[in-house]
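Per-entry structural report
Letter by letter, the chains look like this.
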Amino acid sequence: MKSTTRRRIRRTIAGCFLLTLAGLTTAFALRSHIATHVARIRLERLAHSHGLQAGFNNLSVEGLSTIHLDGLWAATPSDTLFSLQRLDVKLRFLPLLRQNLEVETIAVDSLLLRLPQQGHALETSEALSTSPEQATDYVRQSRRFVRLLFDLLPANATLSRIHCTHTTDSLTLQVILPRMELRQYTFDTQVNVTENNQQQRWHLQGIINPDERQLQLSAVPSFPAHTPLPYLSHRLHAEVSFDSLSIGLHAPQEDDTPTRFTLSGGASLHGLCILQPRLSPMPIVIDSTSTQFTLHILPTALQLDSCSTLRLNLLDLHPYLLAERIATPEAQRPDASWHFTLSLHKPWFPSQQLFSSLPRGLFSNLQGLRTRGELAYDLHFDLDLTRPDSLQLYSALHRRHFAIEQYGATPLNRMTDEFLYTAYEQGEPVRT
């Protein structure tokens, strides 16, 4: 090869290198402007898809992977729904080169979230909305949620002055998180709740481990004692309180199959108390209840494995549940109906376990009842909402050497003899 050709090749390589270097230098110098332009386009597109207006005051990039965002907001034409004073995010640089977004640290300051009233739901643009096939693909949605929860979660984070409000004609609900620090995936914080001028305080602590894809959370009311859960009294006209709540969740490291995603976990609840006059004039109390579940998520169905355990006081149950979303017969429209299948088989167990596990206040006539012998129970329920006439229901309680040894608060043996009964109409006795 002639020396002139070699020089031309070297000059070409050197020129390409210098152009690349100049381009990278220019991009690095203008990285904040480029990030601001891309962020505004993405934010406007996202806001338009939900019928909102949105923007931010300033976005800057420090170094190679640290982003500072000031004054982020989103609003309807009549009210501001979301505002954030300051957000600092530091990304891991090497995964960023592989186009993997992994957050190293995050800091949030002064976040305000207003939940709209019912009937003021956010609009969604048809052009930017998810297709019907993707909207009903629960496997895709579950994997996306798990990745968002674990992959984007940093080991260390600081959340300061988080406010969430919801106001209706009869309810003013405010949830305040003064400060929460996540250190090596563990947190321990207080949450202040104000519902119609009634103040509550909750103690939350837990662990979120992205490496093992595990989540553990516990909640305990710290003030006042037996604090009823907020919002439920307004929504369900029921007061629900508990002494402690623990929740655990585990997601698989790798995908099971392209058409199935499995979640496992458990929850335990102690000292549950429900006050709802339509259920019982007295408080319904469950001393202890827990569950260990294995949930199979299919593209159009949710399946609770029969190896799952539901424990109610002393009684263990292993239910099987399938909730399947099926297309309607009319021209296979994108909207669908549901097909539910529930089955339960409880083999022979001491009969007293059943009566000792019944919630106090719900079956007052059986309170204190003592029995001997064994019981077994079978349940099968099948309902296709597109064909209500196809309903199947089978329920059978079997007994073996069963006998009542002692009646409880109500002497049920009186029904075997003559007794007096007084009929009432509009609160007035009519005939005895």
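Cut-offs applied
- Residues numbered from 1 in each chain as written.
- Predicted model: local features only at pLDDT ≥ 70, side-chain atom pairs only at ≥ 80, totals over all residues.
- Heavy atoms only, no water.
- Helix = DSSP H or I, 4+ residues; strand = E, 2+ residues; numbered from the N terminus.
- Buried < 20%, exposed > 50% of the residue type's maximum accessible area, 1.4 Å probe, protein only.
- Contact = heavy atoms within 4.5 Å.
- Expected span 1.5 Å × (residues − 1).
- Arc of directions from axis to C-beta.
- Polar contact = N/O pair within 3.5 Å; in protein donor to acceptor, adjacent residues only side chain to side chain.
- Phe/Tyr/Trp six-rings, centres within 6.5 Å; stacked < 30°, edge-to-face > 60°.
- Lys NZ or Arg CZ within 6 Å of the ring centre and 35° of its normal.

Broken down by element type, the protein carries seven helices and 23 strands. Going through the 432 residues of the protein one by one, you find that 29% of them count as buried. The contacts in the protein between residues at least 6 apart in sequence include a share of 50% that link residues at least 24 apart.

The next thing to look at is unusual backbone geometry. Most of the time, phi is negative for any residue but glycine, and the peptide bond is trans. For the bond running from Phe 223 to Pro 224, omega is -20°, close enough to zero to count as cis. Position of Pro 224 relative to the elements: it lies in the loop between strand S10 (214-223) and helix H6 (232-236). Despite not being glycine, Arg 213 shows a phi value in the positive range, around 55°. The topology assignment puts Arg 213 in the loop between strand S9 (198-209) and S10. Of note, the phi angle at Asn 313 is positive, near 55°, even though the residue is not glycine. Position of Asn 313 among the secondary structure elements: in the loop between strand S16 (309-312) and strand S17 (315-317).

Let us now look at helix H5 (residues 138-150). Here H5 spans 18 Å end to end across 13 residues, near enough to the 18 Å set by a 1.5 Å rise per residue. Looking only at H5, the buried set comprises Tyr 138, Val 139, Ser 142, Arg 143, Val 146 and Phe 150. Projected down its long axis, H5 shows its buried positions confined to an angular sector of 130°, all on one face. The residue sitting at the N-terminus of H5 and contributing the capping side-chain oxygen is Asp 137; that oxygen lies 3.3 Å from the backbone nitrogen of Val 139.

In this section: the packing of aromatic side chains. Scanning the entire structure with this criterion turns up four aromatic pairs. With 5.6 Å between their ring centres and 50° between their planes, Trp 202 and Phe 242 make a pair best called tilted. Of this pair, Trp 202 sits in strand S9 while Phe 242 sits in the loop between strand S11 (239-241) and strand S12 (244-250), placing them 40 residues apart in sequence. Its relative accessible area of 8% is what places Trp 202 among the buried residues. An aromatic cluster is built from Tyr 138, Trp 338 and Phe 340, whose rings are joined through pairwise contacts. The ring centre of Phe 56 lies 4.2 Å from the NZ or CZ of Arg 40, which sits over that ring. When the ring centre of Trp 348 is taken as reference, the NZ or CZ atom of Arg 400 above it lies at 4.2 Å.

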